[in-house]
Amino acid sequence: RNSTTRPTAASMDPLSLQLSMRQRAQEMSSVLADLDEWEASISSRDKALGDGSLTLTKTAADALPAVRHSDALSVVNSDNPGPEDRAAEEADTGGAKRAKAKTKKKAKVDQGAGVGNVEFDEEKQRGNALFKAKKWQQAVESYSKCIAIAPRSAVAYSNRANCYFQMGQFDKADADCTKALGLDAGYVKAMYRRALTRSKLGSHEAALADVRRAIKLAPKNRTLRTVLKTVKDAASNNTASTPAPTQSAVATANEPRRKLVVRETDSDSDSDDDDDAEDVPVRRTNNNDSNSNGASNTRSSNAVLIEDVTPASTSTATEPTPAAPTRTTSKQPASKPQQQHATAAEHDDAATGQRLKAPRNLPEYEMAFRTIGESPRAFAAYLRQFEFGETQRKLYTKIFSAVLTHEMMACIVSALDTYADDQLEHALSLLQLLTGVSRFSMIAVFLPGGSKQTLTALLDRCAQHVDAARVEAVRNAYFATGDSDSDDSD
Amino acid sequence: RSMSTLVTKPQQVIEHLAQSVNYTPFTANWVPCSARFAVCGVHPRGTGALQVFKMQKGKLVVQAEAEKKSGIKCATFGASFYEDRHLACGGYDGSLNVFDLERINTPVFTAQAHTSIVNCIDGCGGLNIGFGAPEIVTGGRDGCVRVWDVRQAEPVAALEPASSSQVRDCWAVCFGNSFNDQERAVCCGYDNGDIKLLDLRMNKLLWEVNVKNGIVGMQFDRKEINMNKLVLTTLEGQVSVYDMRTFHKSEGYAGMTKKISKSTVWSANHLPQNRDVFSTAAGNGVLSVWQYEYPDSRKIKDADTGEERGVTGKLKEVCSKKVSDQPIISFDWSRDKLGLACMACLDQTVRVSIVTKLNLL
């Protein structure tokens, strides 16, 4: 451990060696004794500093110079000396997470603004009153005066942000919330206000981050739960890939006119409405087409031609067998005109079905089925999204094993029946998949007669377009008992 | 406590205390006006470690500790007021967190400083050092250097690479030239040997040079005076000292380099009580103390152009000692006791040493 750069021990004579060793030892012990003494004295100063009884800082907190370049952030580009303003990029890369607690220092700074400042309090009360009276612009002016009195008051900025939010000026609201949080990083109100603002502005990720931070700070706050829900809804509505928002979209399919009215007159800044604004354009064109007839009219006109499948699926018990052959024969030519007579209603249904993505789990499928299972076209569009990779197969088999009933199978058959010829392969694959579901044979036995007719016809169609052997295999699976005339009651 | 060197020089390094920790410590900083120091690092499981040790009658006692979400790479008290004891830490996840040691669990300020690890940090304006507002500067692997004021969430200044193709890690930053409320400079060192000196008041680069070896440590001899000397430590065991008083138009600042070790010199720390004495902590675990001797005249005039250029002096070794087999990754002099120092070593120990008789220098 000893490193020597001067005469080594070996080169010194024993006596002086001993002497220097003793000197060293003495020195060390004196140094250490001195250190112990120092420890004691510094500890008492340490404690005094911590208590607050000793102040060493020469400048007072409010006498600090202002934040450097606080108005314009300049970013120096390191390859070309000289300032380059890349404030926007800087804001992205320096996207800040706010502090999680009020600090003593920040409290000192804030108190300098609000406590004991009568003028400020009066102006703030005035602003609050104006806010309650919904006089947003005047409230803004009042809070601006507050800010002029106490530039470091987070409360004033936060309140002004709320006014801007009510007025719909979300950019200004965001800026003010940010300012408030910059002054008081633990200000939960400003945080969730900003979350709502950002949600309105479309920055859903940032909004969610803000809400989560706020919840971490104040887990018991009830308001935050609602804010979180609002923000989450806004975020998920935007992507429109979950069943829940689709349900509202489906509702619009069934009652298009009512939804239009709601959107036009409602000026409430509820985040849900923004998303409906997105849905409506999809609907509107369709609705305009069917407006004159009404969706139900078009449907019924189709019903004559093909859509009697619908009554077939809902009242299968009463379906008389003789009707089957006529329907079957009319089915094939009907399938072509079916394409040509594509109406608004069909588009509606198809759009609805397509909006739902293939289920990732049982609840999603159940929800989808409950929503559109009765509507063959919509259900067909939904089913068309099923993919038959290994994992998906297993997933669907599991799902169907849990919920498949003969009614559901009947619906599926009706839906598959609406497939175009080039989609029959997919229909067949789905039918095949169903054969692998548990209790399939039982369910197939209980399949209502009408459905069995439909299925037979469907399989016939398949045989023309797809591998006949496969069709035969599927046919055998479904009609294993060989009894195609079973007309069991449901 | 082994016997120190058997040399005839008066100054010696006494190894006073050593303590093992169960994480890799990266920083050791004295808590201002106390016999305590804060150590930060990273646990094997990847979480951050923050411990405050207190010297107590020949032992090191853990006074406070916290586990953080991500490892801490660098820390400083430089921007803290004496009464606050705010430790600014740069994390593995690129975050800058300022912790109040009294309430160590939640930060009083946090910002996403960089997109990847924060390599180095420095603070200025606190502890009655320097004029102007307390500021923190961080340098990261993303090649950016950002200056922060805890009163504001966004950085107050930044130095960023022009193009994303040639990003060099920033390994060292330091404040200097803070002799009045507005003036302040930040010096940055990169892994390819680039040095960039940024003037914060005018927001432009004053000086750029390349020293061929990656710069690991950097420090002005004093933050609160007109730039005087800048010491850098680099890979390949080199230490450079630049005279910052005289700027030559074409050659910049004058500097001298000395190879003091075979391994990387991790840091250079100036003695708070004497700005011409500084320590170096090397990768082979050797702690050395150096004294800079000024030349007879610090500047000379160019014969032909009449321009002044700086003249560098010499480095003299005061004492040295091998304290560990692994690199001394962090070293800090105590402002309150001459010669008292704490350090963190990569053999998972924290140590306290005393260098004696520095008052004689």
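Quantities reported herein were computed from a predicted structural model and do not represent experimental measurements.

A. Highlighting the overall build of chain B. Scanning chain B from N- to C-terminus turns up zero helices and 30 strands. Evaluated residue by residue, chain B yields a buried proportion of 69% over its 361 residues. Contacts in chain B between residues far apart in sequence, at least 24 positions, make up 50% of those at least 6 positions apart. Accessible surface, chain B as shown: approximately 12,100 Å² in total, 46% of it carbon and sulfur.

B. Quick peek at the packing of helix α20 (residues 390–403) of chain A against helix α22 (residues 424–435) of chain A. All names here are of chain A. Two elements in contact, α20 and α22, have axes whose closest approach is 9 Å; the angle formed by their N-to-C orientations is 60°. Taken together, the axes of α20 and α22 are oblique relative to one another. Remark: the crossing between α20 and α22 carries right-handed chirality. For the pair α20 and α22, contact is made by Arg393, Tyr396, Thr397 and Phe400 and by Leu430, Leu433 and Leu434, respectively. Here the residues of the contact of α20 with α22 sort into five nonpolar, one polar and one charged.

C. View of the sheet that holds strand β30 (residues 349–355) of chain B. Spatially, four strands are ordered β1-β30-β29-β28 (chain B) in an open sheet, and the strand pairing comes out antiparallel. Taken across any chain shown, the strands that pair with only one partner, and hence form the sheet edges, are β1 (13–20) and β28 (328–333) of chain B. Averaged over all neighbouring strand pairs, the angle between strand axes comes to 20°, with direction disregarded. Bridge analysis of β28(B) against strand β29 (residues 340–345) of chain B gives five bridges, and the strand direction is antiparallel. If you follow Ser330(B) over to β29(B), its bridge partner there is Ala344(B). Along the sheet, helix α1 (residues 14–51) of chain A contacts β1, β29 and β30 of chain B; its crossing angle with β1(B), the most-contacted strand, is approximately 55°.

D. Structural view of the pattern of salt bridges. The final tally for this structure, using the stated rule, is 40 salt bridges over all chains. Between Arg184(B) and Glu135(B) there is a salt bridge whose closest N-O contact spans 2.9 Å. Of this pair, Arg184(B) sits in the loop between β14 (170–176) and β15 (185–190) while Glu135(B) is found in strand β11 (residues 135–140), placing the two residues 49 residues apart along the sequence. For the pair Arg184(B) and Glu135(B), one class covers both residues: buried. Between Asp302(B) and Arg309(B) there is a salt bridge; the shortest N-O distance is 2.9 Å. Note on Arg309(B): relative accessible area 21%, which makes it partly exposed. Connected via shared salt-bridge partners are Asp174(A), Arg194(A), Arg198(A), Asp210(A) and Arg213(A).

E. Region of interest: the nonpolar core. In this structure, Phe37(B), Phe53(B), Met55(B), Leu60(B), Leu87(B), Leu340(B) and Val352(B) are the most contacted members of the largest nonpolar core, which totals 47 residues. Counting residues per element, this core draws most heavily on α1(A), which supplies seven residues. In this structure Phe37(B) touches Asn29(B), Trp30(B), Val31(B), Gln51(B), Val52(B), Phe53(B), Leu60(B), Cys342(B), Val350(B) and Val352(B), once residues within four positions along its chain are discounted. Counting 46 residues, the second largest nonpolar core, distinct from the first, contains Ile399(A), Leu404(A), Ile412(A) and Leu430(A).

F. A look at the pairing of strand β9 (residues 103–112) of chain B. All names here are of chain B. Judged by how many residues are buried, β9 sits mostly within the fold: seven of ten residues are covered. Taken together, the six bridges between strand β8 (residues 95–100) and β9 define a ladder with antiparallel strand orientation. The partner of Leu96 across the bridge, within β9, is Ala111. Here β8 folds back onto β9, and the loop between the two strands holds two residues.

G. Structural view of unusual backbone geometry. The backbone phi angle of Arg439(A) is positive, close to 60°, even though this residue is not glycine. With respect to the secondary-structure elements, Arg439(A) resides in the loop between α22 and α23 (440–446). What makes Arg439(A) partly exposed here is its relative accessible area of 48%. Residue Asn203(B) is not a glycine yet carries a positive backbone phi of 55°. As for its position among the elements, Asn203(B) is in the loop between β16 (194–199) and β17 (204–210).

H. Spotlight on the environment of Arg201(B). All names here are of chain B. Tracing the chain through its elements places Arg201 in the loop between β16 and β17. For the pair formed by Arg201 and Ala185, sequence separation is 16 residues and the distance between their alpha carbons is 7.8 Å. Within polar-contact distance, the side chain of Arg201 engages the side chain of Glu183 at 2.6 Å.

I. Geometry of the pairing of strand β3 (residues 36–42) of chain B. Residues and elements named next belong to chain B. For β3, a buried count of seven out of seven residues is recorded, marking the element as mostly surrounded by other parts of the structure. Along β3, one buried face is formed by Arg36, Ala38, Cys40 and Val42 and the opposite face, lined by Phe37, Val39 and Gly41, is buried too. Of the strand pairs in this sheet, strand β2 (residues 24–30) and β3 are connected by six bridges, and their pairing is antiparallel. Bridge pairing in β3 links Thr27 to Cys40. With antiparallel pairing between neighbouring strands as the criterion, β2 and β3 make up a hairpin whose turn holds five residues, including Cys33 at a positive phi of roughly 55°. Bridging between β3 and strand β4 (residues 48–56) involves seven bridges; their strand directions are antiparallel. Residue pairing across strands places Cys40 opposite Leu50, the latter belonging to β4. What sits between β3 and β4 in their antiparallel hairpin is a turn of five residues, with Gly46 showing a positive phi close to 95°.

J. Geometry of a nonpolar patch on the surface. Together, Met442(A), Val445(A) and Phe446(A) line one region of the surface with nonpolar side chains, adding up to about 250 Å² of accessible area. Within the secondary structure, Met442(A) sits in helix α23.

K. Representation of α20(A) in the model. Residue and element names in this part refer to chain A. Here α20 is 14 residues long and its end C-alpha atoms lie 20 Å apart, about the 20 Å a rise of 1.5 Å per residue gives. Buried within α20 are the following residues: Tyr396, Ile399, Phe400 and Val403. For α20, the angular spread of buried residues about the axis comes to 95°, placing them on one side. Set apart from the buried face of α20 by more than 90 degrees, the exposed residues are Glu390, Thr391, Lys394 and Lys398. Turning to α20, the residues buried within the fold contact α18 (362–372), α21 (406–417) and α22.

L. Highlighting the sheet that holds strand β21 (residues 252–259) of chain B. Residue and element names in this part refer to chain B. In spatial order, the strands read β18-β19-β20-β21; together these four strands make up an open sheet with antiparallel pairing. Strands with a single pairing partner mark the edges of an open sheet, and in this sheet they are β18 (215–220) and β21. Across the sheet, the axes of successive neighbouring strands diverge by a mean angle of 20°, strand direction being ignored. Two elements, strand β20 (residues 238–248) and β21, share seven bridges in a ladder whose sense is antiparallel. Within β21, the residue paired with Gln238 across the bridge is Lys259.

M. View of the confidence of the model for chain A. All names here are of chain A. With 62% of its residues at a pLDDT of at least 70, chain A reaches an overall mean of 68. Taken element by element, the predicted model of chain A shows its lowest mean pLDDT in strand β2 (residues 83–84) (28) and its highest in α1 (88). Throughout residues 80–116 the model reports pLDDT below 50, and contacts reaching past four residues in sequence, or to other chains, amount to 92 contacts.

N. Focus on the packing of aromatic side chains. All names here are of chain B. Summed over all chains, the structure comprises 20 aromatic pairs over all chains. Taking the centre distance of 5.3 Å and the plane angle of 70° together, the rings of Trp30 and Phe37 count as edge-to-face. With a relative accessible area of 5%, Trp30 lands in the buried category. Judged by relative accessible area, which is 0%, Phe37 ranks as buried. A cation over an aromatic ring shows up here: Arg184 above the ring of Phe175, its NZ or CZ 5.6 Å from the ring centre. In this structure, Lys196 packs its charged tip against the face of Tyr190, placed 5.7 Å from the ring centre.

Each value, and the rule that gives it
Residues numbered from 1 in each chain as written. Chains lettered and ligands numbered in written order. Predicted model: local features only at pLDDT ≥ 70, side-chain atom pairs only at ≥ 80, totals over all residues. Heavy atoms only, no water. Helix = DSSP H or I, 4+ residues; strand = E, 2+ residues; numbered from the N terminus. Buried < 20%, exposed > 50% of the residue type's maximum accessible area, 1.4 Å probe, protein only. Contact = heavy atoms within 4.5 Å. Areas by Shrake-Rupley, 256 points an atom, 1.4 Å probe, with all protein chains shown as cover. Axes fitted to C-alpha atoms, helices over the stretch in contact; angles between N-to-C directions. Parallel < 35°, antiparallel > 145°, perpendicular 65-115°, else oblique. Left-handed = near helix turned anticlockwise from the far one by under 90°. Nonpolar A, V, L, I, M, F, W, Y, C, P; charged D, E, K, R; others polar. Pairing = 2+ DSSP bridges. Salt bridge = Lys/Arg side-chain N within 4 Å of Asp/Glu carboxyl O. Core = buried A, V, L, I, M, F, W, Y, C linked by side-chain atoms within 4.5 Å. Polar contact = N/O pair within 3.5 Å; in protein donor to acceptor, adjacent residues only side chain to side chain. Patch = residues over 30% accessible without salt bridge, like charges linked within 9 Å, V, L, I, M, F, W, Y side chains within 5 Å. Expected span 1.5 Å × (residues − 1). Arc of directions from axis to C-beta. pLDDT = per-residue confidence, 0-100. Phe/Tyr/Trp six-rings, centres within 6.5 Å; stacked < 30°, edge-to-face > 60°. Lys NZ or Arg CZ within 6 Å of the ring centre and 35° of its normal.

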